[in-house]
Amino acid sequence: MNHIGEQTNTACSGCGACAALCPKAAIELSLDEAGFFKAVVREDRCVSCGLCRSVCPRFSPVEGGKDLRESPLYALQSESDAVVRQCSSGGIAHELAADCLRQGWSVCGVVYNTETDRVEHRLISALEELPALDGSKYLQSDATALRQALAMAKGGEHVAVFGTPCQIAGLARAAQKLGVRDKLLLAEIFCHGVPSYLLWERQCERMKQKLHTERFDRVLFRYKKNDWHSYCLRADAGDCSFFGARETELFWQVFFENVLLGDACMDCEMRKTESLADLRLGDYWGRRYQQNSDGVSAVFALTERGEEALRRLKLRRLEPGTPEEMLQAQNMDGYHDRELHDGAMEVLRRERDISAAVKYYRARESGKQTLKRALLRTSAILPDELRAKLRKANSSRKLK
Ligand SMILES: Cc1cc2nc3c(=O)[nH]c(=O)nc-3n(C[C@H](O)[C@H](O)[C@H](O)COP(=O)(O)OP(=O)(O)OC[C@H]3O[C@@H](n4cnc5c(N)ncnc54)[C@H](O)[C@@H]3O)c2cc1C
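Here the residue numbers are simple positions, counted from 1 along each chain's written sequence. Given that this is a predicted model, residues contribute local features only at a pLDDT of at least 70 and side-chain atom pairs are listed and counted only at 80 or more, while totals for whole chains, interfaces and linings are drawn from all residues.

Where do I start with the packing of helix α8 (residues 197-211) against helix α9 (residues 250-257) in this structure?
Two packed helices can be described by the angle between their axes and the distance between those axes. Running from N to C, α8 and α9 point in directions that differ by 155°, and their axes come no closer than 9 Å. With respect to α9, the axis of α8 lies roughly antiparallel. Taken together, the residues of α9 that come into contact with α8 (itself represented by Leu199, Trp200, Arg202 and Gln203) are Leu250, Phe251 and Val254. Gly counts as polar in this scheme, as do all residues outside two lists: the nonpolar Ala, Val, Leu, Ile, Met, Phe, Trp, Tyr, Cys and Pro, and the charged Asp, Glu, Lys and Arg. Here the contact of α8 with α9 is composed, by residue class, of five nonpolar, one polar and one charged. Whenever a helix is involved, its axis is fitted only over the stretch in contact; in every case the axis is a line through C-alpha atoms, and angles between N-to-C directions fall within 0 to 180 degrees. Secondary structure elements follow DSSP: runs of H or I of four or more residues count as helices, runs of E of two or more count as strands, with numbering from the N terminus. Between 65 and 115 degrees an angle is taken as roughly perpendicular, under 35 as roughly parallel, over 145 as roughly antiparallel, and anywhere else as oblique. It is the C-beta atoms, placed from the backbone, that decide contacts: two residues are in contact if theirs lie within 7 Å.

I'm lost on the sheet that holds strand β16 (residues 315-318) in this one. Help?
Hydrogen bonding along the main chain pairs the strands of a sheet, whether they run parallel or antiparallel. Spatial ordering of the open sheet is given by β7-β6-β8-β9-β14-β15-β5-β16, a layout of eight strands whose pairing is mixed. Looking at which strands have only one partner, the edges of the open sheet turn out to be β7 (118-124) and β16. When strand polarity is set aside, the average angle formed by the axes of neighbouring strands in this sheet is 30°. Strand pairing is assigned whenever DSSP detects at least two bridges linking the two strands.

What is the right way to read the domain arrangement of the protein from this model?
Many analyses report the size of an interface as the accessible area lost when the parts associate. According to the domain assignment, the protein contains domain 1 (2-55), domain 2 (66-194 + 261-328) and domain 3 (197-259 + 335-399). Contacts between domain 2 and domain 3 engage 21 residues on the former and 23 residues on the latter. Here the side of domain 2 that touches domain 3 is composed, by residue class, of five nonpolar, nine polar and seven charged. Residue ranges for the domains originate in an automatic or database domain assignment.

Pasting the structure below:
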């Protein structure tokens, strides 16, 4: 078996479009040695029809996308405080999914699997199943279930699908190929990129040790302990809970240091301003809602289908800024330290040791980066609540 990327010299993003479309079910997604899902071809089944390559967003350029900068932007929040609390920003993904389920559609989104400690796409058809989809899981999902979503669309059923821009771009092209794009509501999230499962395994070991457990009952990546800006990782087992702040956890440090993200994330075009989705959902970062503690979603409506889906929802509609202002607070340029990434990834592949890879790139960082990291680590001695208050006070000072 070969990873498609090895055959084509293109870093596979593991979006799953090829596996969803393959008429011979000859493509599977599996973790590679660096801890990223990649498409793998079963040579005994492959008939070289080329369909996989024709929809791969990495192999053939994505064309015909809508530009976010020319699309309506909304600042939105669910009317339910409980929904806002359990979601990453304003709970829009939840409200969209709930509305689709009420109309009898199926929904395909991402859940955390506490048996495998991985995240995966899953199809649901009942409102009771929806809470498992709530909240961003900052890992690469196993997108195998997109094949099922596509098959349902082919069978005439409607499905709302949530995913990263690469997953949605691939699925949109596969659906276009089959002439069933109109059966799908495609909502993609703004995507920073995903870290390796080798990093997550290390984080799980630490959390399980602290909780004296073999298995979590629940994992929340962005528990709103103080506010939505804090990135508090929470894991529960029995009566005990672990809370991990951005300042203390290796998982968050590596995620935000932007060197050990997936190969495909480093030069991903799908996460930028052109999109094949109906909607793009994100955190309304930037000054406009810096003082808001609960969470506000920024939503771009890219198609009439997306607009219509939003129109049906009862939401708190806040004042949006311009698309340019919103996008300034996101990293839309991509990542430029390719050489450092490649070196660190080589260490990770060779040694399968996350500490060795982190040590490699931190030894090569600038003095400014080292200082920034030291300050962040030092701020961890302050209580979480105080850190949150200081962050707010600092941002209100900047606003004056
Ligand atoms: C890996 C990752 C990186 C992100 N990077 C950014 C960023 O740079 N900027 C930004 O503004 N927002 C980013 N987000 C999106 C952000 O976290 C929120 O999802 C978004 O603001 C919508 O919030 P919400 O409250 O409506 O939904 P949420 O409660 O976050 O629900 C999000 C929806 O996305 C799906 N989902 C959850 N985890 C994943 C996953 N791992 N892969 C694919 N789909 C998933 C769920 O099924 C759910 O339907 C990222 C999300 C992920 C998963």
